[in-house]
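# A structural walkthrough
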Amino acid sequence: MSPDSYLVGLIGSGIGPSLSPALHEREADRQGLRYLYRLIDIGTLGVPPERTGELVRAARDMGYDGLNVTHPCKQQVLDHLDVLSPQAEALGAVNTVVFEGNRATGHNTDATGFAASFARGLPDAALDRVVQLGAGGAGAAVAHALLALGAGRLTVLDAVPERAAALAGSLNLDFGPGRAEAADLLDIAARTAGADGLVNATPIGMAAHPGLPLPADLLHPGLWVAEVVYRPLETTLVRTARALGCATLDGGGMAAYQAADSFRLFTGREPDTARMLADIADLTSTR
């Protein structure tokens, strides 16, 4: 393809509602680019996550310029790339793959996306003690971002205890002993009672996974609540927390900032993040 023409895609499961195609294509249109963004849904294709590498190779062979990667493939893709950026390597998860010839480079724009959204949406939030639900690909990125933002102590809880423990261990190696810990989900009440903030980095709240990731009675007005899910923009968690008087952050900002960072990697052009944030607001209000 010409330098002004791009073919990119998204690999994941249940990605039909994704706004990534519209976010990328709208920004590309404003920059005068020909830009086609396609969805590669492993659920629709009947392909297990373990075959993510085959899809990446097929996309490269078909002339794709790059791919975004989402749940549940962000960690499955690691062994099928030639190079990892320092951040992707530290996180152990990839959400952006850039093809240059036969070389596939993995990046992670989730951490930078969450950090930018948090700084914009909850600039004065207390960070002494933060509880995070979810230790998967998105969870690893969010956890790194929180500690980089200055979180004093981060408690990670996950339905798979070993995954939470592994993430906490890697965080302590990167940020220093005692900065992160894993806790049992059975202990969630005590953890949230004394916390400054709560982050949901699980799929619970998505259109395909409705509901709350924790009992509503554990939310309290002294707790800020941040969400990574953005479809719907107002998840049950965000709505419930706001009604209880919590400061809240929806997943829209993270989606816009990580998309902008991916767009930059795919095209080498500078995106207008303000316009992409406006796109998120527009797209979620009309769909």
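For the structure itself, consult the block above.
Residues numbered from 1 in each chain as written. Predicted model: local features only at pLDDT ≥ 70, side-chain atom pairs only at ≥ 80, totals over all residues. Heavy atoms only, no water.

### Some points on the layout of surface pockets
Gaps between atoms show up when a probe of the same size as a water molecule is rolled over them. To keep it simple, the criterion reads: Both site types are read off a 1 Å grid over the protein atoms alone. A 1.4 Å probe that fits but cannot get out defines a cavity, while an open set with protein on both sides within 12 Å along at least five of seven lines defines a pocket; lining residues have an atom within 4 Å of a point. Grid points are joined across faces, edges and corners, and a volume is the space filled by probe spheres set on the points.
In this model, the largest pocket occupies a volume close to 1100 Å³. Forming the walls of the largest pocket are 47 residues, and the residues nearest its centre are Thr 70, His 71, Ala 138, Pro 203 and Met 206.

### Some thoughts on the pattern of salt bridges
Under the convention used in this document: A side-chain nitrogen of Lys or Arg and a carboxyl oxygen of Asp or Glu constitute a salt bridge if their distance falls within 4 Å. Secondary structure elements are taken from DSSP: a helix is a run of H or I of four residues or more, a strand is a run of E of two residues or more, and numbering for both begins at the N terminus. Each residue gets one of three labels from its accessible area relative to the maximum for its type: buried under 20%, exposed over 50%, partly exposed in between, using a 1.4 Å probe on protein chains only.
Under the defined criterion, the tally for this structure stands at 18 salt bridges. When the shortest N-O distance is used, the salt bridge between Arg 26 and Asp 279 registers 3.2 Å. Of this pair, Arg 26 sits in helix α1 (residues 20-30) while Asp 279 is found in helix α11 (residues 273-286), placing the two residues 253 residues apart along the sequence. Note on Arg 26: relative accessible area 29%, which makes it partly exposed. A salt bridge links Asp 61 to Arg 60, with the shortest nitrogen-to-oxygen separation between them at 3.5 Å.

### Focus: the sheet that holds strand β5 (residues 96-100)
The condition is simple: The pairing criterion is simple: DSSP has to find at least two bridges between the two strands. Any two residues having at least one pair of non-hydrogen atoms within 4.5 Å are treated as being in contact. Geometry is summarised by axes, namely lines fitted to C-alpha atoms with helices restricted to the contacting stretch, and by angles between N-to-C directions that run from 0 to 180 degrees.
If you trace the 6 strands from one edge of the open sheet to the other, you get β2-β1-β3-β5-β6-β4, paired in mixed fashion. Across the chains shown, the open sheet's two edge strands, defined by having one partner strand only, are β2 (34-41) and β4 (83-84). One ladder, built from 4 bridges, connects strand β1 (residues 5-12) with strand β3 (residues 66-69); its direction is parallel. What sits directly across from Gly 9, in β3, is Leu 67. Helix-sheet contacts for α1 involve β2 and β3, and the interaxial angle to β2 is about 170°. Taken strand by strand, helix α10 (residues 252-267) contacts β1, β2, β3, β5 and β6 (103-107), and its axis lies near 10° from that of β5.

### Description of the nonpolar core
The cut-off we apply is this: For our purposes a nonpolar core is just a set of buried Ala, Val, Leu, Ile, Met, Phe, Trp, Tyr and Cys residues, chained together by side-chain atoms within 4.5 Å.
Core analysis: the biggest nonpolar cluster contains 28 residues, and Phe 114, Phe 118, Leu 146 and Trp 224 have the highest contact counts within it. Once residues within four sequence positions are removed from consideration, Trp 224 is found in contact with Phe 118, Leu 122, Ala 125, Ala 126, Leu 127, Val 130, Leu 146, Asp 196, Gly 197, Leu 198, Val 199 and Ala 247. One finds Ile 11, Ile 42, Val 94 and Phe 99 within the second-largest nonpolar core, a separate group that totals 19 residues.

### Digging into the sheet that holds strand β8 (residues 153-157)
Taken in spatial order, the 6 strands line up as β9-β8-β7-β10-β11-β12 in an open sheet, and their pairing is parallel. Strands at the two margins of the open sheet, each flanked by one partner only, are β9 (180-182) and β12 (248-249). Direction of pairing for strand β7 (residues 129-133) relative to strand β10 (residues 197-200): parallel, over a ladder of 4 bridges. Bridge pairing in β10 links Val 131 to Leu 198. Across the sheet, helix α6 (residues 137-148) touches β7, β8, β10 and β11 (224-227), and the angle it forms with β7 is around 170°. Of the strands in this sheet, β7, β8 and β9 touch helix α7 (residues 161-175), which is tilted by about 165° from β9.

### So, helix α5 (residues 110-121)
What sets the pattern is the α-helix's 3.6 residues per turn: residues three or four places apart point alike. Rules: Here, expected helix span is obtained from the residue count minus one, scaled by 1.5 Å. Working note: the arc is built from the helix axis to C-beta atom directions.
The end-to-end C-alpha distance of α5 is 16 Å, a good match for the 16 Å that 12 residues give at a rise of 1.5 Å each. Along α5, the positions that sit buried rather than exposed are Asp 110, Ala 111, Gly 113, Phe 114, Ser 117 and Phe 118. All buried residues of α5 fall inside an arc of 160° around its axis, so they share one side. Tucked into the core, α5 has its buried residues touching α4 (86-91), α6, β10, β11, β12 and α10.

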